[in-house]
Amino acid sequence: MQITAALVREQSAPFTVETLDLCDPRGDELLVEVAASGMCATDLHGRDAYYPTKFPKVFGHEGAGTVRAVGAQVTEFKPGDHVVMAYPWCGECPNCRTQRQTYCLHANKLKHGGTRADGSTLHSQNGKPVYSAFFQQSSFGTFTIANARFAVKVRNDVPLEQVCALACGGQTGAGAVLNVLKPASGDGIAIFGVGAVGLSALMAAKIAGCDPIVAIDVHNRRLKLATELGATHVFNHDGRAEVASDIKKAVGSVRYSIETTANPYVFREAVDVLMPAGTCILLGSARAGTEVTFDMNHLQNGRNVRGVIQGDSVPKEFLPQLVDHIVAGRFPVERMIRYYALADINRAAEESAKGKAIKPVIRMPR
Ligand SMILES: [Zn+2]
Ligand SMILES: [Zn+2]
């Protein structure tokens, strides 16, 4: 079938909205009419070929939509179901077999390879292949093919243009708190960087009853929103070297911290504010080769530092819980969303890079 999608013709080129051909779903796949897709930094890193990438390519990996057709072996979904498309995993490697599928050994190929796992392409134009299958979904288009294994059915009384933001950034931030740290009520947490991932962590920390909840950022507008969403203390980092000692002066050391900025000096500060036996989680995606230094004596006192991908989430369990939190008003994801038409996708990318849009969501044309 013919679809409308945002195409990137070569590395760092602007998105162009074009007509493409999309194949039919295979036995284990769904045809999804995409309602909306969040845009996350990884889409722009993909466009800029941070990872080995073939062009032309369709990006987008925070898609939500309505199932329009299902393959013969699919029993979990039917046409009309609302779905969020989550990250892919192989299902067979040592990590996938032991419920560590966010760390699938084949994740890079499945997310960035541009094809299905078997190398087949899903999109084409004038008979020539177009690479897609970004995170096995390529959601910047009016329709796409999703594998049933990575699709998550969600209740249909929540707007798809809100739940799409949970697919990557939302579950990354919220999962780091609710699945990994599992704070007790009254545990202190400091969140470095309150973009979409940091604010999702913050909303989850509020759900868990964390106190204090400290937010650190360089944009006052984001810090104001962090306060409205539950931060008890905010600090404008503004390049100041003493922010860690300021936090300790104001609230003491904290049990937990979260690093979302991918800056080595901020990561160091996130570890410096921990109390003994505290844990810092790294969520910020730095380029390969980025190094950081820690004080060995400080670390030895029971402090943990670990990286987390996609909030250690099992999406079919975790995303419906987050959707329930949205409905209950505890996870007001819409507060961080700014909507764009597909035709304005380049403006969304620009305003996201400048920090003007915290979570851009692209609405697909009907
Ligand atoms: Zn795997
Ligand atoms: Zn993402």
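The preceding data block contains the structure.
Given the structure is predicted, the values throughout are model-derived calculations rather than measurements.

Enquirer: An account of the sheet that holds strand β1 (residues 2-8) is requested, with residue identities and associated values reported.
Expert: Reading across from one edge, β4-β1-β2-β7-β8 is the order of the five strands in this open sheet, with antiparallel pairing throughout. Looking at strand neighbours, the two that pair on one side only are β4 (57-58) and β8 (128-130), the edges of this open sheet. The sheet contact formed by strand β2 (residues 15-22) and strand β7 (residues 123-125) spans two bridges and is antiparallel. Note that in β7 the partner of Leu22 across the bridge is His123.

Enquirer: Could you give me a rundown of the pattern of salt bridges, with the residues and numbers involved?
Expert: Taken as a whole and judged by the stated rule, the model has 25 salt bridges. We note a salt bridge from Lys359 to Glu62, for which the minimum N-O separation is 2.8 Å. Placement of Lys359 in strand β18 (residues 359-363) and of Glu62 in strand β5 (residues 62-70) is noted, with a sequence separation of 297 residues between them. Accessibility expressed as a relative area gives 3% for Lys359, which makes it buried. Exposure remark for Glu62: the relative accessible area of 0% places this residue in the buried category. With its nearest N and O atoms 2.8 Å apart, the salt bridge here joins Asp246 to Arg240. In this structure Arg240 comes out as partly exposed when scored by relative accessible area, which is 24%. Members of the salt-bridge network, linked through shared partners, are Arg240, Glu242, Asp246 and Lys249.

Enquirer: Any details on the packing of aromatic side chains? Residues and values, ideally.
Expert: Counted by the stated rule, this structure contains seven aromatic pairs. Arranged with centres 5.7 Å apart and planes meeting at 50 degrees, the rings of Tyr87 and Trp89 form a pair that is tilted. For Trp89, a relative accessible area of 12% corresponds to the buried category. Three or more aromatic residues joined by ring pairs form one cluster here, namely Phe55, Phe59, Phe134 and Phe135. Here the basic side chain of Arg149 rests over the ring of Trp89, its NZ or CZ set 6.0 Å away from the ring centre. The positively charged end of Arg363 is found above the aromatic ring belonging to Tyr339, 4.0 Å away from the centroid.

Enquirer: Any details on the environment of Phe331? Residues and values, ideally.
Expert: Among the secondary structure elements, Phe331 is positioned in the loop between α10 (315-327) and β17 (337-341). With 127 residues separating them along the chain, Phe331 and Ala204 place their C-alpha atoms 7.4 Å apart. Setting aside residues no more than four positions away along its own chain, Phe331 makes contact with Leu166, Gly170, Ala174, Ser200, Met203, Ala204, Ile207, Leu322, His325 and Ile326.

Enquirer: Give a detailed account of α10, specifying residues and quantitative values.
Expert: Its 13 residues place the ends of α10 18 Å apart at the C-alpha level, agreeing with the 18 Å of an ideal helix rising 1.5 Å per residue. Within α10, the full set of buried residues consists of Pro315, Phe318, Leu319, Leu322, Val323, His325 and Ile326. Around the axis of α10, the buried residues are gathered within 155 degrees of arc, so they sit on the same side. The elements touched by buried residues of α10 are β6 (82-85), β10 (151-154), α3 (160-163), α4 (169-181) and α5 (196-208). Gly329 occupies a position one or two residues after α10 and carries a positive phi of about 80 degrees.

Reading the values: rules and limits
- Residues numbered from 1 in each chain as written.
- Chains lettered and ligands numbered in written order.
- Predicted model: local features only at pLDDT ≥ 70, side-chain atom pairs only at ≥ 80, totals over all residues.
- Heavy atoms only, no water.
- Pairing = 2+ DSSP bridges.
- Helix = DSSP H or I, 4+ residues; strand = E, 2+ residues; numbered from the N terminus.
- Salt bridge = Lys/Arg side-chain N within 4 Å of Asp/Glu carboxyl O.
- Buried < 20%, exposed > 50% of the residue type's maximum accessible area, 1.4 Å probe, protein only.
- Phe/Tyr/Trp six-rings, centres within 6.5 Å; stacked < 30°, edge-to-face > 60°.
- Lys NZ or Arg CZ within 6 Å of the ring centre and 35° of its normal.
- Contact = heavy atoms within 4.5 Å.
- Expected span 1.5 Å × (residues − 1).
- Arc of directions from axis to C-beta.

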